[in-house]
Amino acid sequence: GTGERQPPKDKWSNFDPTGLERAAKAARELDASRHAKDALSLAQMQEQTLQLEQQAKLKEYEAAIEQLKNEQIRVQAEERRKTLSEETKQHQARAQYQDKLARQRYDEQMRQQQQANEENLRKQEESVQKQEAMRRATVEREMELRHKNEMLRVEAEARARAKAERENADIIREQIRLKAAEHRQTVLESLKTAGLLFGEGFRAFVTDWDKVTATVAGLTLLAVGVYSAKNATAVAGRYIEARLGKPSLVRETSRITLLEALKHPVKVGKRLTSKAQDALEGVILSPQLEARVRDIAIATRNTRKNKSLYRNILMYGPPGTGKTLFAKKLAVHSGMDYAIMTGGDVAPMGREGVTAMHKLFDWANTSRRG
């Protein structure tokens, strides 16, 4: 209130005993009641409940305290982790900065070393150039001195030789005169001796007619023998060339020469033992043309078997269409030989081309297979 009432002097001044009286009365009524035990049990249960509630609250309070401790530990750990992370970053930054400084120092050292090496190289090159110039000057000086000494020596020798020749000119002329007289006398005596011998021999030869006759006959026989041997050798060479050799116009042939048999015996043996091949093996043609060409191959083979007259074949077309290949296959299929030549080889021969063509046909006529 807002009155002028004075505060109590002690704590018992405002005490109201009615409450205690009512509690005592209730206790007496409760003792007198038949439900006193139940009320006591209920009171005990309430007290126990209150104790349990107090214990639960105490547990919750302890759990809250424990949770606060855990949270505090987590916060401390987080703070410690952040601190470690920050320290790690600081260490990394410090290490990167130190590495950068070390790299800069290393680059600076390398640059200084390179400059020092370049300076040393330049000094060495200058020193080498100076030494080379000094050596070249020394060599040139030596060559010059040597040339002067050589010239002086040659001049001294020439002077000495000229002086000696002037002093000995009479003696040298007398020696030359004596040598010339001796040579002249020797030549004259040799000519006289040869003339006497030749004259006596010719006189004896002319006076003896038997010797003259024998000499003329011998010379005649010698000339006839040389001429006959030359012609016989030419004829034999042409015969051997026609039989065994290969004309220069033939680029490729299936005929086996003696020289080829000696060089490649295995290859020649395989060719001799090989069987007749199909004329169109490896040749790709249109069906109509293939039928026509196969008829030609069969007719040619039968013509050779029957020893009849052959027909000539003219094949035309752009390069690479199989004309030469079919010609070779046709010859092998029919059991004949083939020879390949080109007109471009005849033109450069000029007038010799006719003789080469005759040799070619003579050589072809010697084939026993046709």
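The rules behind the values
- Residues numbered from 1 in each chain as written.
- Predicted model: local features only at pLDDT ≥ 70, side-chain atom pairs only at ≥ 80, totals over all residues.
- Heavy atoms only, no water.
- Helix = DSSP H or I, 4+ residues; strand = E, 2+ residues; numbered from the N terminus.
- Contact = heavy atoms within 4.5 Å.
- Buried < 20%, exposed > 50% of the residue type's maximum accessible area, 1.4 Å probe, protein only.
- Polar contact = N/O pair within 3.5 Å; in protein donor to acceptor, adjacent residues only side chain to side chain.
- Salt bridge = Lys/Arg side-chain N within 4 Å of Asp/Glu carboxyl O.
- Expected span 1.5 Å × (residues − 1).
- Axes fitted to C-alpha atoms, helices over the stretch in contact; angles between N-to-C directions.
- Left-handed = near helix turned anticlockwise from the far one by under 90°.
- Nonpolar A, V, L, I, M, F, W, Y, C, P; charged D, E, K, R; others polar.
- Core = buried A, V, L, I, M, F, W, Y, C linked by side-chain atoms within 4.5 Å.
- 1 Å grid on protein atoms, 1.4 Å probe; cavity = no way out; pocket = protein on both sides within 12 Å on 5 of 7 lines; lining within 4 Å.
- Points joined across faces, edges and corners; volume = space filled by probe spheres on them.

Further remarks concern the overall build of the protein chain. Check the secondary structure of the protein chain and you find 9 helices and 2 strands. In the protein chain, the succession of helices and strands from N to C terminus is α-α-α-α-β-α-α-α-α-β-α. In the protein chain, the proportion of contacts linking residues at least 24 apart, taken out of those at least 6 apart, comes to 61%.

Tracing the backbone through its elements, the reader meets Ser367 in the segment after helix 9 (352-365). By relative accessible area, which is 17% here, Ser367 ends up buried. At 2.9 Å, the side chain of Ser367 and the side chain of Asp337 are in polar contact. From its side chain, Ser367 meets the backbone nitrogen of Gly370 in a polar contact 3.4 Å long. With sequence-adjacent residues up to four places away left out, Ser367 is seen in contact with Arg255 and Asp337.

Let us now look at unusual backbone geometry. Unusually for a residue other than glycine, Lys307 sits at a positive phi of about 55°. Positionally, Lys307 belongs in the loop between helix 7 (287-306) and helix 8 (323-334). Taking relative accessible area as the criterion, Lys307 reaches 77% and is therefore assigned exposed.

Tallied over the entire structure, the rule returns 18 salt bridges. Glu132 is the partner of Arg136 in a salt bridge, and the nearest nitrogen-oxygen pair spans 3.8 Å. Separated by 4 residues within a single helix, Arg136 and Glu132 lie in helix 2 (residues 36-167), roughly one turn from each other. The salt bridge involving Glu174 is made with Arg177; its shortest N-O contact spans 2.6 Å. Of this pair, Glu174 and Arg177 both sit in helix 3 (residues 169-207), 3 residues apart, which is roughly one turn of that helix. Among the charged side chains, a network of salt bridges with common partners joins Glu119, Arg122 and Glu126.

Time to look at helix 8. Helix length check: helix 8 (12 residues) gives 16 Å between terminal C-alpha atoms against 16 Å at 1.5 Å per residue, within 8%. Those residues of helix 8 not exposed but buried are Phe326, Lys329, Leu330, Ala331, His333 and Ser334. Buried residues belonging to helix 8 abut helix 7. The positive-phi residue at the C-terminal boundary of helix 8 is Gly335, with phi of around 80°.

Right, let's get into the packing of helix 7 against helix 8. Helix 8 packs onto helix 7 with a crossing angle of 35° between their chain directions and a minimal axis gap of 9 Å. Every pair of crossing elements has a handedness; the one defined by helix 7 and helix 8 is right-handed. Here Val293, Ile296, Ala297, Thr300, Arg301 and Arg304 of helix 7 come into contact with helix 8, specifically with Phe326, Leu330, His333 and Ser334. Of the residues belonging to the contact of helix 7 with helix 8, the class tally is 5 nonpolar, 3 polar and 2 charged.

Membership of the largest hydrophobic core is limited to 6 residues, which are Leu280, Val283, Val293, Ala297, Phe326 and Leu330. For this core, the secondary structure elements donating two or more residues are helix 7 and helix 8. The contact partners of Val293, leaving out residues within four places of it in the chain, are Leu280, Leu285 and Phe326.

Attention now moves to the environment of Ala356. Structurally, the position occupied by Ala356 is in helix 9. As a C-alpha pair, Ala356 and Leu249 span 107 residues in sequence and 7.1 Å in three-dimensional space. Among residues more than four places away in sequence, those in contact with Ala356 are Leu249 and Met349.

Space inside the largest pocket adds up to approximately 1,600 Å³. Looking at the largest pocket, it is lined by 40 residues, and the ones nearest its centre are Ile313, Leu314, Met315, Ala327 and Leu330. Of all the secondary-structure elements, those providing two or more residues to the lining of the largest pocket are helix 7, helix 8, strand 2 (339-340) and helix 9. By residue class, the composition of the lining of the largest pocket is 26 nonpolar, 8 polar and 6 charged.

Functional significance is not addressed by these values, which are geometric in nature.
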